[in-house]
Amino acid sequence: MRDLDQWADMAAAEMKLDAKEIAGRKAFLELSDKDVALLRDIHAALQDKMHGFSKGFYDHLQTEPELRALLPDERTLNRLRRSQQGYLHGLTAGQYDGDYVRERLRVGLVHHRIGLAPKWYIGAYRKYLTELLETLWELLGDDPPRFLATYGAALKVICLDMGLALDTYAHADQQQLRQQANRLREREEQYRLTFNQAAVGIAHVAGDGRLLRVNAKFAAITGYTEAELLRLTITQLTHPDDRDHDLLLIARLKSGELAEYSREKRYIHKEGHAVWINVTASSLLDAAGERRYITVVEDISRRKQAEEKLVRMANHDALTGLPNRMLLEDRLSQAIAHAHRTQTLVAVMFVDLDRFKNINDSLGHDAGDEVIVEIARRIAGNLRETDTAARQGGDEFVVVLGDLAREEDACTVADKILGALTQPMVLRGQEIFPTGSIGISLYPRDGLEPQALLKAADTAMYRAKAGSGNTYEFYVNSMGMDAMDSLRLEGALRRALERDEFQLHYQPQVDIATGTVVGVEALLRWQPQGGAMVPPGDFIPLAEQTGLIVPIGDWVLATACAQQKAWREAGLPPLTVSVNLSARQFQRQDLVELVARLVRETGCDPRYLALEITETDVMENPQAAVAIFRQLNEMGVQLAIDDFGTGYSSLSYLKRFPIDSLKIDRSFVHDITHDIDDATIVHSVIALAHSMHLKVVAEGVEDARQLQFLREHGCDQMQGYYVSKPVPASAIEAMMQRTRAAA
Ligand SMILES: Nc1nc2c(ncn2[C@@H]2O[C@@H]3COP(=O)(O)O[C@H]4[C@@H](O)[C@H](n5cnc6c(=O)[nH]c(N)nc65)O[C@@H]4COP(=O)(O)O[C@H]3[C@H]2O)c(=O)[nH]1
């Protein structure tokens, strides 16, 4: 109620229904004091009839189904009837001032609120006027002029009321419209702010692709200003490679097959570069029935860059940025497929730097890396766009030349690459002259598959290297596989150190009298990448021939020294670690310095380091051996003559060598229990050694009977499968811990 009163006051004020306005309306209706007096005169008489009026009014309203629904319950109806009675009471009370007006507005509002349309409201007045006419006739029929004047006066007041009721409706409608407009404005403002401040780009697009509205983020993503964008179409913004797919999706959107779509594509930035975006587009018809698209765009360039980087990393060599082996095989397959279609040739080149290890060793790995990067640049710089240069690893590169008409074209490129490689390079202030060896295979002549072509080029490269290097060789079928195997072996051996393919195994040496492990012999093992273990007998002779034994031997010595130190630090009882020295190592001028340096650098105890040199090697130059042995002996290092009995030792020299032990070759030990000659030799060697105060170590002991023989003949130490095969360092450690626990 309070609400209604307040509203009526407010409405009266808003509608400017002040005294002047009310007076104006009354004047227009010609409502005079005489009318007021006439109405007052019948006021009392009418009151008795009033109840029937308002009942009739609402009964009549309820005849209409639509209106019955608005007056659902008796309570509402009673409330309305009471309000109507009040209205009727006021109609003839003769007080048509501001209060009267507000009361009328209230009644109007009540009816507006329940949803009674003006047509029904006015229509119901007709019912009421008819009843009033009849009632007045009943009361004043005997005085027709008074009846007419009174009815006329009532009509004027009722018209005043109807005018006010209609005003109430209009005012309420206006207010509703105003509220709707406010809500709309508010929503539009919210949308405007959301649109402009959105973290994603938003564009409204016309059916023909023109941009109709864009937000700030959209402009930022594309680099254009808003005004510039409104002169463009989505197609103009889209990367040419993405347009066809776009058109397809838009057609499906238009046909209603899709409600919206989302996809990753590229826009062309104003500055010309591509920008990766994720776009979600939906379609709608605007108020005028025109097709519109709402496009929401998210900048995903960063994510795409990260993805591209990952793909790149998976396919490229990190140091040089060249394709790696995986991508190379892919490119080679493509080149082969193309050559097959076009009946052309493909050349595969294996490029390997000559003496790269020297650079690494003398100038360090960082300098080595610099050389690799520069070589990669030189190789790639001499190729066509469509050719591929890849890094295989280490100092090896593979080049694929596609679409060749003649074999000579490959020669031209190989010459260019060799020429480029030999350009001087300044590294750490030192000028170096790199050279390379190139092996070339041709599709289809030397193979139809990538693997076959790569292998053939690799083989040819070893042939090129086997010469003086700095040259190229084509693969030829006649390359005998035996020769090639050794060439391949040599090449592989050259790379084995860089690739960390060597390991040391250790075979325990046992004191025969006490049964305790007193030492180990370090034995080299080579496991090429992806290949089977190569026994030392198969590669050490080749390493000797090629001089590779020197760096390999250095590695063995350094590793064994470091291992000895590690065992000492692990708390194991002192173990003498024996290392085999090859003839080439033994001939090194700097052998003594090398051993001294390694002992110093690794922290190994020289008293527990033994160097084994075969009898044959020692006797090649016994004079030099004496000098070297002396110096090594002064250092505290133990010395042993290996494979004793297989060569011809000069006893006079043997006596002068400051050596510690003789090792009896396993070929004698093998048959000591059933070959009287071997038994005699072993027996004699033990006696001879002991006469010179040398220890005797028997190699290749495989059973208890051999051991029994050696024990009976006073042999000091033994090694052989009977105790253990050569095993990795960790197994020696475990073995020692077990022995210690048992003791
Ligand atoms: N049948 C039989 N064989 C046994 C038995 N016990 C040990 N052996 C094997 O006899 C060889 C002993 O080494 P070696 O005479 O110095 O003969 C070595 C040595 O001359 C050379 N070698 C191995 N490692 C190196 C190294 O680091 N440097 C040099 N220069 N030569 C090495 O390769 C040769 C062969 O080495 P491995 O194959 O390891 O063969 C080892 C060892 O595994 C046994 O009871 N029965």
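Residues numbered from 1 in each chain as written. Predicted model: local features only at pLDDT ≥ 70, side-chain atom pairs only at ≥ 80, totals over all residues. Heavy atoms only, no water.

Participant: I'd like a description of the sheet that holds strand β8 (residues 396-404), backed by residues and values.
Facilitator: Strands sit in the order β7-β8-β6-β11-β12 across an open sheet of 5 strands; the sheet is mixed. One side of each edge strand has no neighbouring strand; the edge strands of this open sheet are β7 (388-393) and β12 (472-474). When strand polarity is set aside, the average angle formed by the axes of neighbouring strands in this sheet is 20°. On the sheet, helix α16 (residues 365-381) packs against β6 (345-353), β7 and β8 and is oriented at approximately 10° with respect to β8. (Pairing = 2+ DSSP bridges. Helix = DSSP H or I, 4+ residues; strand = E, 2+ residues; numbered from the N terminus. Axes fitted to C-alpha atoms, helices over the stretch in contact; angles between N-to-C directions. Contact = heavy atoms within 4.5 Å.)

Participant: Provide a residue-level description of the sheet that holds strand β2 (residues 211-214), including the pertinent values.
Facilitator: Taken together, 5 strands build an open sheet; the order of strands is β2-β1-β5-β4-β3 and the sheet is antiparallel. With partners counted over all chains shown, the strands left at the sheet margins are β2 and β3 (260-268), one partner each. Neighbour-to-neighbour, the strand axes of the sheet open up by a mean angle of 30°, direction not taken into account. Looking at chain direction, β3 and strand β4 (residues 274-285) are connected through 9 bridges and run antiparallel. Considered in β4, the bridge of R263 is made with V279. In the packing of helix α12 (residues 240-254) onto the sheet, the strands contacted are β3, β4 and β5 (291-299), and the crossing angle to β3 comes to about 155°.

Participant: How would you sum up the packing of helix α14 (residues 325-342) against helix α18 (residues 450-466)? Please name residues and give values.
Facilitator: The interhelical angle for the contact between α14 and α18, taken along N-to-C directions, is 105°, at an axis separation of 10 Å. Classed by the angle they form, the pair α14 and α18 counts as roughly perpendicular. Between α14 and α18, the contacting residues are L328, E329, L332, S333 and I336 on the first element and P450, Q451, L453 and L454 on the second. (Parallel < 35°, antiparallel > 145°, perpendicular 65-115°, else oblique.)

Participant: Give me the side chain of Q585: which residues, what numbers.
Facilitator: Secondary-structure assignment places Q585 in helix α22 (residues 583-586). Among the polar contacts listed, one links the side chain of Q585 to the backbone oxygen of G553, at a separation of 3.5 Å. If we ignore the near neighbours within four places in the chain, the residues touching Q585 are I549, V550, G553, D554, N580 and L591. (Polar contact = N/O pair within 3.5 Å; in protein donor to acceptor, adjacent residues only side chain to side chain.)

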